[in-house]
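Listed below are the residues making up each chain.
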Amino acid sequence: MLRSALFAAFAVTALTGCSSNRGVVIYTHRPAPLPRPAAPGVPTPAPPEAADPTQPTLDVAALPGPSREFRGAWIATVANIDWPSRAGLSTDRQQEELRGLLDRAVAVGLNAVVLQVRPAADALYASNLEPWSGFLTGREGEAPSPYYDPLEFAVAEAHARGLQLHAWVNPFRAGHTSARGPHGPTHVTRAHPEWTVRYGDQVWLDPGDPGAVGHSLAVVRDIVTRYDIDGVHLDDYFYPYPVESGGRSVPFPDDASYRAAQAAGETLGRADWRRQNVDRFVERLYGEVRAVKPDVLVGISPFGIWRPGNPAGITGFDAYASLYADARKWLQAGWLDYLAPQLYWSRDSRGQSFGRLLAWWAGENTQDRHLWPGLYDSRTMPDVGTWRPDEIVGQVQATRASGQATGTVHFSFKALADSRALGGALAAEVYAEPALVPATPWLDAAPPRAPRVGVEARASGREVTLAPAPGEAVRQFVVRTRRGGAWRWTIVAGTAPSFPLAAEADAVAVSAVDRSGNESAATLVEVAP
């Protein structure tokens, strides 16, 4: 993310527009759903076999239903930007705050959160590879007490609300300026100081050191293996942003690793060698995630300008030359499932036009990966910038109108907290109608079998019982009800056991949505009003 001043602590507020059924947040239908564009070049599969052959099914293409749009937000833990509000809170308070953020995500209309779990070679989860983060407990290496695993907790709470959870890791940062206290013996700076270098006032894992690269890849493999996350997410930190001293850039201190590479036969100049190091890391990370869990998304959020002059007239920082990040190459090589370039400029910016940069990235997306630009919501906060909420709302609308991107990611979550400002504007204007995350057919294009559905009379009224077909991993249900010949729909978390059925409904059709966003045929149950 862009470097910015630490944000002040904030109170999580809620919006209306969602309800709860036995602790499960349920999106409620509103009229006039968004259009449902088909994925380009992706054939429509035949409806799969029903879980119960005695229950008829309907093709969901013939029914009204939710649009497809990724609506994510970054939850930054470094320096306690978003969560927890300060280090050392009690377990109850940490969990209360995180539940509040997730409730807020639902209220705003989001369908995904990107939670930072590895800010600086530390862990906001139980790890045998790296120490507990001091941003969590106030002391590096100290577990929460009473004990809980924050990432396990976050995944369960997010999925119970119908939200995806992507685990955000910083691959090479090993020490942040806001950290307090000494590093513990298991931190990489003490366990393997030969992998690290000090640059300015921070410490970095050297991307040119094979040991450092292997360690970061092992951390990602461990997270993907042990947690039911929906995605792995990297931001714009590969080689660090240049440190200035006396008006000049300070060289990154990788002489030792470069000499070792040359001794092993490397002939590239240093800049190309650094880019090769990052390229190989990204390629290996993508391949290893695919090998561990093929349906976990890999996403990267690079600096929004690949190189100045691309497209013509674009000026600014050169991430290709300074961060050694060739994000266009990764996109075109298919080493990621979604790209979220940080388009942190306004629509009328002359040298960094939001619309022109979005169109350029779309033109480079030759593999048809998901394109979900990152938006700088924090500039609507008085202590950060001067944007009005309508700038971010307009960027969401421009992204939709482009026809080339299928979602956005908001930085950071703190900017969505005030229901009277940006969060309220998004909920009322562009996120009033809930949406499903776009499907990822290159990972899995096979829809699940239709779910098992029943209708039961209970003291509180009729309820639709929901159950995945045996063996199917379901993230959400789409519950469609027919009243007087007209269909309406609702998105329900995949953990929900039931859903209240309106008294006037005469039919219900329920489809299941799997981890890759594929929607099943809808199981139909006719009922008497």
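Here the structure is a predicted model, which means the values were calculated and not measured.

**Some remarks on the side chain of Glu-157**
- When you line up the elements, Glu-157 lands in helix H3 (residues 150-160).
- The exposure class of Glu-157 is buried, given its relative accessible area of 16%.
- A polar side-chain atom of Glu-157 sits 2.6 Å from a polar atom in the side chain of Arg-161.
- Residue contacts for Glu-157: discarding those within four places in its chain leaves Arg-99 and Leu-102.

**Considerations on the sheet that holds strand S7 (residues 164-169)**
- Strand order across the open sheet formed by 9 strands is S16-S15-S14-S11-S7-S6-S5-S18-S17, with parallel pairing between neighbours. Pairing within the sheet leaves two strands with one partner each, and these edge strands are strand S16 (370-371) and strand S17 (374-376).
- Direction of pairing for strand S11 (residues 231-234) relative to strand S14 (residues 297-300): parallel, over a ladder of 4 bridges. Opposite Leu-234, over in S14, you have Ile-300 as the bridge partner.

**A look at the pattern of salt bridges**
- Counted according to the given criterion, the structure contains 31 salt bridges.
- Two residues, Arg-221 and Glu-288, come together in a salt bridge whose shortest N-O distance is 2.4 Å. Here Arg-221, found in helix H5 (residues 210-226), pairs with Glu-288, found in helix H7 (residues 270-292); they are 67 residues apart in sequence, far enough to count as distant.
- Sharing partners across several salt bridges, the network here consists of Asp-228, Asp-230, Asp-295, Arg-475 and Arg-515.

**Focus on helix H12 (residues 422-430)**
- The element H12 is largely enclosed, with a buried count of 7 among its 9 residues.
- Among the residues making up H12, those that are buried are Leu-422, Gly-423, Gly-424, Ala-425, Leu-426, Ala-427 and Val-430.
- Buried residues in H12 make contact with strand S5 (70-75), helix H1 (91-108), helix H11 (389-402) and strand S18 (407-411).

**Focus: the packing of aromatic side chains**
- With the rule as written, the count across this model stands at 25 aromatic pairs.
- For the ring pair Tyr-148 and Phe-153, a centre distance of 5.8 Å and an interplane angle of 90° mean the geometry is edge-to-face.
- Look at Tyr-148 and you get buried, because its relative accessible area is 7%.
- With a centroid separation of 5.4 Å and an interplanar angle of 80°, the aromatic rings of Tyr-239 and Phe-252 are classed as edge-to-face.

**Considerations on H11**
- The end-to-end C-alpha separation of H11 is 20 Å, in line with the 20 Å expected for 14 residues at 1.5 Å each.
- Of all the residues in H11, the buried ones are Glu-391, Ile-392, Val-393, Gly-394, Gln-395, Val-396 and Thr-399.
- Buried-residue contacts for H11 involve helix H10 (354-363), S17, S18 and H12.

**Here's the deal with empty space enclosed by the protein**
- Inspection of every chain in the model, using the stated rule, returns 2 cavities of 30 Å³ or more.
- Estimated volume of the largest cavity: approximately 190 Å³.
- In terms of lining residues, the largest cavity is bounded by 20 residues, among which Gln-164, Val-437, Arg-475, Gln-476 and Arg-515 are the most central.
- Breaking the lining of the largest cavity down by element, the ones donating at least two residues are strand S19 (435-436), strand S22 (474-483) and strand S25 (507-514).
- Grouping the amino acids of the lining of the largest cavity by side-chain chemistry returns 7 nonpolar, 8 polar and 5 charged.
- Lining the second largest cavity are Leu-217, Val-220, Arg-221, Val-224, Leu-285, Glu-288 and Val-289.
- Listed by contribution, the elements that provide at least two residues to the lining of the second largest cavity are H5 and H7.
- Top element by residues in the lining of the second largest cavity is H5. It accounts for 4 residues.
- Of the residues contributing to the lining of the second largest cavity, the split by class is 5 nonpolar, no polar and 2 charged.

**A few points about the side chain of Thr-137**
- Secondary-structure assignment places Thr-137 in helix H2 (residues 134-137).
- Within the structure, Thr-137 has its side chain in polar contact with the backbone oxygen of Arg-139 (distance 2.9 Å).
- Beyond its immediate sequence surroundings of up to four residues, Thr-137 is in contact with Ala-87, Gly-88, Glu-142, Ala-143 and Pro-144.

**Here's the deal with the environment of Trp-335**
- Here Trp-335 shows up in the loop between helix H9 (327-333) and strand S15 (338-339).
- Overall, Trp-335 belongs to the buried group, its relative accessible area being 14%.
- Linking Trp-335 and Val-298, residues 37 residues apart in sequence, is a C-alpha distance of 8.2 Å.

**Quick notes on the confidence of the model for the protein chain**
- Per-residue confidence for the protein chain gives a mean pLDDT of 90, with 90% of residues at or over 70.
- For residues 2-49, every residue scores under 50 in pLDDT, and the model assigns this stretch 114 contacts once sequence neighbours within four places are set aside.

**Overview of the sheet that holds strand S9 (residues 196-199)**
- Across the sheet, which stays open at both edges, the 3 strands sit in the order S8-S10-S9 with antiparallel pairing between neighbours. Each having just a single partner strand, strand S8 (173-175) and S9 make up the two edges of the open sheet. Within this sheet the neighbouring strands show an average axis-to-axis angle of 35°, counted without direction.
- In this sheet, strand S10 (residues 202-205) lies alongside S8 in antiparallel orientation, the contact comprising 2 bridges. Note that in S10 the partner of Gly-175 across the bridge is Val-203.

Calculation criteria
- Residues numbered from 1 in each chain as written.
- Predicted model: local features only at pLDDT ≥ 70, side-chain atom pairs only at ≥ 80, totals over all residues.
- Heavy atoms only, no water.
- Helix = DSSP H or I, 4+ residues; strand = E, 2+ residues; numbered from the N terminus.
- Buried < 20%, exposed > 50% of the residue type's maximum accessible area, 1.4 Å probe, protein only.
- Polar contact = N/O pair within 3.5 Å; in protein donor to acceptor, adjacent residues only side chain to side chain.
- Contact = heavy atoms within 4.5 Å.
- Pairing = 2+ DSSP bridges.
- Salt bridge = Lys/Arg side-chain N within 4 Å of Asp/Glu carboxyl O.
- Phe/Tyr/Trp six-rings, centres within 6.5 Å; stacked < 30°, edge-to-face > 60°.
- Expected span 1.5 Å × (residues − 1).
- 1 Å grid on protein atoms, 1.4 Å probe; cavity = no way out; pocket = protein on both sides within 12 Å on 5 of 7 lines; lining within 4 Å.
- Points joined across faces, edges and corners; volume = space filled by probe spheres on them.
- Nonpolar A, V, L, I, M, F, W, Y, C, P; charged D, E, K, R; others polar.
- pLDDT = per-residue confidence, 0-100.
- Axes fitted to C-alpha atoms, helices over the stretch in contact; angles between N-to-C directions.

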